[in-house]
Amino acid sequence: MTGTVVTITSGKGGVGKTTAVANIAVALASEGQKVVCIDGDIGLRNLDVIMGLENRIVYDIVDVVEGRCRTRQAMIRDKRLPELFLIPAAQTRDKNAVSPSDMVRLCDELRGEVDWILIDSPAGIERGFRNAVAPADRVLIVTNPEMSAVRDADRVIGLLEAEEKPAPSLIINRLNPSMVRRGDMLSVDDVYDLLRIDVIGIVPEDENVIVASNRGTPLALDGKSKAGQAFRNIARRLNGEQVPFIDLESQSLWDRLARLAGRK
Amino acid sequence: MGFFERLTGKKSARSAKERLQLVLIHDRTDLTPTALDTLKDDLIAVISRHVEIDPANVRIDLTREGREQRLVADIPLRPTTRRRAN
């Protein structure tokens, strides 16, 4: 087995990196692939709560790096998907406890055991970011159709270019189709035109993301929500499948009725 | 349609895109508008040593093609009204 290391990063905080990691991981694992997620945000861990695994943590990534446990012991098995694992971040240490070469070594060890290693990068462009991208075979950049998120995404793309990392792909998260139609939100084409990197996913804004995080059960587990569907499509595209993008721009029946009635 | 929008006639997404286009060019090149002006003055000085140009109409622009930036200079030359000695 030669696992692929995929790092999810963004520059700006709060754009949905952790949600993306949890959902893509769940989607890959529910297709029967073996996945390990690594929370790279040392000192501010969150992937554990989004995945609903916070009560099972015994060892964390710093324990692995400092040799207090074997890698296997720090891999928490998911409650629902037996092929999904999490290596949590340390909560009480700082980001300098792990170095880029530690990450490369850890990922090289894991590559032999799993299909996918997904790394949740912290916000920013400092040590934690460099740790997260050091072992990456692929980098996914999450952005929102909004000024500061697009600007920070561009900065991260520039840094990856300078480090001669493989060309990153873009996830446009929290797209609000009706705002785009009104001309009050950057469209997918606008964001693509500004950043000019391959788009691997378009995820609509969805209240269910909050509900899912409240429950600790990532959206991609259930079949109905559009955001969950969008994340499952990203997983399939990572696997090399050609999957058409969900049509978010066309109007719902309700939108059309409201427009006819002169309410919009 | 909001009041402000009716006043300016411009959708906010369009403003966002136009503003970002400028911000990204300067972020990527580390060239501020002031630095670009200084560069323009230097360029005018150097070129004027060799040919007569029309400094008022020199244009320097940063353009993009994909993720590549390009510095484009448009430097109009003065018609040579060369007076011969004698």
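For the structure itself, consult the block above.
First things first, this report covers the structure right here in the doc.

In terms of nonpolar packing, the biggest core is built from 39 residues, with I24 and L84 of chain A touching the most fellow members. Element by element, the count of residues in this core is highest for helix α1 (residues 17-30) of chain A, at 9 residues. When sequence neighbours within four positions are dropped, the list of residues in contact with L84 of chain A reads A25, V26, A29, V35, C37, M51, I76, R77 and D78 of chain A. Counting 27 residues, the second-largest nonpolar core is a separate cluster that includes V139, L175 and L186 of chain A together with A16 of chain B.

All right, on to the pairing of strand β6 (residues 138-143) of chain A then. Residue and element names in this part refer to chain A. Burial analysis of β6 places 5 of its 6 residues in the buried class, the great majority of the element. Of the pairings in the sheet, the one linking strand β1 (residues 4-9) to β6 comprises 4 bridges and is parallel in character. Counterpart to T9 in the pairing with β6 is I141. Taken together, the 4 bridges between β6 and strand β7 (residues 169-175) define a ladder with parallel strand orientation. When the sheet's bridge partners are listed, I141 is paired in β7 with L170. Viewed along the sheet, the connection from β6 through helix α7 (residues 147-162) into β7 turns out right-handed.

This brings us to the pattern of salt bridges. All told, the structure shown has 24 salt bridges over all chains when counted by the stated rule. Ionic contacts of the salt-bridge type, sharing partners, join the residues D190, D193 and R196 of chain A together with K17 and R64 of chain B into one network.

Let us now look at the interface of chain B and chain A. Listed by partner, the interface residues are 16 residues for chain B and 18 residues for chain A. Taken together, both faces of the contact between chain B and chain A bury some 1600 Å²; the carbon and sulfur share is 53%. When the buried area of chain B at its contact with chain A is split by residue, K17, L20 and R67 of chain B rank highest and sum to 40% of it. Where chain B touches chain A, the interface holds 7 salt bridges. Of the charged contacts in the structure, one is a salt bridge between K17 of chain B and D190 of chain A, with a shortest N-O distance of 3.4 Å. With 11 residues, the single largest contributor to the side of chain B that touches chain A is helix α2 (residues 12-29) of chain B. Residues that form the side of chain B that touches chain A fall into these classes: 5 nonpolar, 3 polar and 8 charged.

About the thresholds
Residues numbered from 1 in each chain as written. Chains lettered and ligands numbered in written order. Predicted model: local features only at pLDDT ≥ 70, side-chain atom pairs only at ≥ 80, totals over all residues. Heavy atoms only, no water. Core = buried A, V, L, I, M, F, W, Y, C linked by side-chain atoms within 4.5 Å. Buried < 20%, exposed > 50% of the residue type's maximum accessible area, 1.4 Å probe, protein only. Helix = DSSP H or I, 4+ residues; strand = E, 2+ residues; numbered from the N terminus. Contact = heavy atoms within 4.5 Å. Pairing = 2+ DSSP bridges. Right-handed = clockwise from strand over helix to strand, strands pointing away. Salt bridge = Lys/Arg side-chain N within 4 Å of Asp/Glu carboxyl O. Buried area = accessible area lost by both parts, 1.4 Å probe. Nonpolar A, V, L, I, M, F, W, Y, C, P; charged D, E, K, R; others polar.

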